[in-house]
Number of protein chains: 2
Amino acid sequence: MAKIKIGIAGYGNLGRGVEYAIRQNDDMELVGVFTRRNPDSVKLNTEGVKVYSMEQAKEMSDKVDVMILCGGSATDLPEQTPELAKYFNVIDSFDTHATIPQHFANVDAACKETGHVGIISVGWDPGLFSLNRIYAESILPTGKTYTFWGKGVSQGHSDAIRRVDGVKFGIQYTVPIDNALEQVRSGNQPELTTREKHLRECYVVAEEGADLAKIEETIKTMPNYFDEYNTTVTFMEEEEFKAVHNKMPHGGFVMRSGRSGEGEATHQMIEYSLKLDSNPEFTASVLVAYARALMRMKAEGVVGCKTVFDVAPAYLSPLSGEELRAHLL
Amino acid sequence: MAKIKIGIAGYGNLGRGVEYAIRQNDDMELVGVFTRRNPDSVKLNTEGVKVYSMEQAKEMSDKVDVMILCGGSATDLPEQTPELAKYFNVIDSFDTHATIPQHFANVDAACKETGHVGIISVGWDPGLFSLNRIYAESILPTGKTYTFWGKGVSQGHSDAIRRVDGVKFGIQYTVPIDNALEQVRSGNQPELTTREKHLRECYVVAEEGADLAKIEETIKTMPNYFDEYNTTVTFMEEEEFKAVHNKMPHGGFVMRSGRSGEGEATHQMIEYSLKLDSNPEFTASVLVAYARALMRMKAEGVVGCKTVFDVAPAYLSPLSGEELRAHLL
């Protein structure tokens with residue numbers, strides 16, 4: 001059977017993750033990487049695959065089955081996904097929750113005009129966490145859903161730390177608070193404040209001679225980012241920082257505490273959690289599985305923009321229906 | 001909008017659970033319960049709903065949108081689901097893993113002959129656990145999947161205890177072993193023996209004058225049921241037994257320890273768990289959500305037998321696509 005031809009648009013951490021994930025799936029092959037940088041400056045980890053400029057993409061619509069977009073949600077994807085959907089079936093990990101409806105409409109219009117399929121907001125949140133929310137809430141309509149993130153690196157908060165005067169290097173970990181998780185598991189359906197749910201741990205290398213007390217105070221009181229949380233700031237030497245804080249772990253929990261039965265007196269608890277040693281690599285693995293699903297839906301005549309909610313689980317697997325029923329059901 | 005008309009075939013713990021779950025879903029109504037007992041002997045918990053004999057079912061095919069079968073997998077469902085599929089769209093919780101392919105074929109043939117939709121093996125295992133296996137294995141193709149059950153009551157093992165000479169009342173809890181869960185979470189991908197994964201806790205009320213040592217020995221060495229496990233047997237008074245061991249809790253874990261990235265060196269951990277205070281009520285809640293999905297698929301022209309693998313998550317929810325994207329994605 002012909003392999004699914006994947007293109008990668010944008011070659012940062014996520015794009016490299018997609019490149020590695022493709023190797024783990026025998027029914028897929030990487031056919032090209034598209035970049036806004038000078039293609040000659042980009043070195044891939046896969047022999048024999050070419051790097052193209054983003055402008056060349058439109059000339060290659062017959063060479064790529066699914067284009068996986070690996071840019072950022074702030075400025076890249078809102079423009080790139082609808083644009084590339086004119087030439088390709090597309091998948092992205094758009095994660096700005098508030099503007100998903102607008103992004104969906106833009107990608108849907110582009111896909112419908114050209115007969116393509118797009119699947120947006122694929123990853124783990126949005127993505128697998130969303131799936132767990134919809135399954136759990138559909139099955140236990142009376143109840144309360146909780147999402148916790150971490151322990152993991154928040155890029156936005158790390159960037160905010162690095163903008164503080166006197167900070168040379170900085171990283172921020174979002175940490176779910178154990179006591180909050182335990183309260184949810186108890187079935188009490190607590191109302192938890194922002195401060196009760198997550199802790200923010202910051203690790204900072206200060207510039208020589210910087211005022212450490214002032215850096216700590218500035219971080220802890222920073223509006224929107226830190227002021228509503230209990231925050232710790234730990235200063236350390238550059239060498240140790242680079243040895244310890246060079247990974248992008250993340251994860252989190254989706255929990256549904258529901259009630260069933262006579263008088264809704266019975267407690268039922270559903271809990272889903274991820275512990276990811278690499279956030280971009282895991283997101284990449286999800287994107288690649290949905291590329292397979294996209295091709296299955298395409299073969300059935302589906303056109304337009306979809307999300308993980310619209311994709312039957314069987315489409316994600318390389319196994320046949322018979323194999324799935326015999327071995328995974 | 002017209003409500004989805006649900007029939008319940010079989011009114012034991014699961015049937016009563018379905019009855020209560022329907023109340024939690026505004027778009028559904030219970031229109032009848034079908035039983036092999038004398039209908040006059042069955043008292044429902046819902047005012048104004050009638051009890052019919054199983055034989056009367058076939059005359060009511062135009063009154064019921066979805067028949068939810070609440071019988072057992074050993075002898076009831078293999079006969080009832082294909083038979084009722086001649087007259088109704090059907091959903092069951094068939095859970096004999098080894099014979100799912102045969103059951104699927106039987107229900108599929110009956111559905112296709114009459115234009116109905118059937119969804120079999122709906123519940124939590126098979127069911128939600130199966131979904132977690134397919135999502136996790138599709139996303140992390142390199143890795144190992146573990147399923148643990150409990151802490152919860154195993155009906156089969158409880159029945160086995162009760163057949164031992166001198167046992168008046170008995171119940172068995174399957175308990176996942178913490179150390180095994182921790183080993184899996186560590187990412188070592190251990191090979192675990194049956195004995196290392198689960199413990200079997202038995203609580204027994206003995207007949208007056210029975211030989212307790214002999215009961216304990218008989219249970220612990222029982223082939224297929226207990227001999228491959230570490231088993232505890234605790235004797236207690238009837239009064240305490242009835243006060244403490246009168247519920248049907250269950251649950252368990254599906255865990256995928258996977259590897260991604262360069263050289264597959266990165267560990268990624270997915271964990272799903274259920275802690276159910278009532279196993280039958282939770283299974284019932286899953287069945288009812290899939291009744292909604294069935295009607296959506298039916299409206300799209302789907303015919304034949306399906307499983308949870310074939311059902312797009314959006315079909316389970318009463319919310320529209322717009323609402324889902326805005327609030328749950």
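- Going by an unreviewed UniProt entry, chain A carries the name Meso-diaminopimelate D-dehydrogenase and comes from Candidatus Scybalomonas excrementavium.
- What the UniProt record of chain A gives under Sequence similarities (unreviewed entry) is the line "Belongs to the diaminopimelate dehydrogenase family."

1. Overview of the environment of Asn246(A)
Residues and elements named next belong to chain A.
- By the element assignment, Asn246 lies in the loop between α9 (238-244) and β12 (250-260).
- Sequence separation between Asn246 and Gly118 is 128 residues; the distance between their C-alpha atoms is 33 Å.
- Within polar-contact distance, the side chain of Asn246 engages the backbone oxygen of Lys242 at 3.4 Å.

2. A word on the packing of helix α1 (residues 13-23) of chain B against helix α10 (residues 279-299) of chain B
Residue and element names in this part refer to chain B.
- Where α1 meets α10, the closest approach of the two axes is 8 Å, and the angle between their N-to-C directions is 55 degrees. What the angle tells us is that α1 and α10 run oblique. Between α1 and α10 lies a crossing whose hand is right-handed. Judged by residue contacts, Asn13, Leu14, Gly17, Val18, Ala21 and Ile22 of α1 engage Pro280, Glu281, Thr283, Ala284, Ser285, Leu287 and Val288 from α10.
- Tallied by class, the residues present in the contact of α1 with α10 amount to eight nonpolar, four polar and one charged.

3. Focus: the relation of the copies chain A and chain B
- With an RMSD of 0.0 Å, the operation that places chain A on chain B is a rotation of 180 degrees combined with a shift of 0.0 Å along the axis. Classification of the inter-copy transformation places it as that of a two-fold axis.
- Same-surface contact between copies: 100% of interface residues of chain A are shared with the interface of chain B.

4. Brief notes about the sheet that holds β12(A)
- Within the open sheet, the six strands sit side by side as β7(A)-β12(A)-β13(A)-β13(B)-β12(B)-β7(B). Their pairing is antiparallel. Unpaired on one side and paired on the other, β7 (143-149) of chain A together with β7 (143-149) of chain B mark the two borders of the sheet. This sheet shows a mean twist of 10 degrees between the axes of neighbouring strands, independent of strand direction.
- Judged from the 11 bridges that link them, β12(A) and strand β13 (residues 266-276) of chain A form a sheet pairing that is antiparallel. Bridge pairing in β13(A) links Gly251(A) to Lys275(A).
- Packing against the sheet, helix α10 (residues 279-299) of chain A makes contact with β12 and β13 of chain A together with β12 (250-260) and β13 (266-276) of chain B, and its axis sits at approximately 70 degrees to β13(B).

Calculation rules
- Residues numbered from 1 in each chain as written.
- Chains lettered and ligands numbered in written order.
- Predicted model: local features only at pLDDT ≥ 70, side-chain atom pairs only at ≥ 80, totals over all residues.
- Heavy atoms only, no water.
- UniProt positions renumbered as here; feature names shortened; annotations may be inferred.
- Helix = DSSP H or I, 4+ residues; strand = E, 2+ residues; numbered from the N terminus.
- Polar contact = N/O pair within 3.5 Å; in protein donor to acceptor, adjacent residues only side chain to side chain.
- Axes fitted to C-alpha atoms, helices over the stretch in contact; angles between N-to-C directions.
- Parallel < 35°, antiparallel > 145°, perpendicular 65-115°, else oblique.
- Left-handed = near helix turned anticlockwise from the far one by under 90°.
- Contact = heavy atoms within 4.5 Å.
- Nonpolar A, V, L, I, M, F, W, Y, C, P; charged D, E, K, R; others polar.
- Least-squares fit on C-alpha atoms with pLDDT ≥ 70 in both.
- Pairing = 2+ DSSP bridges.

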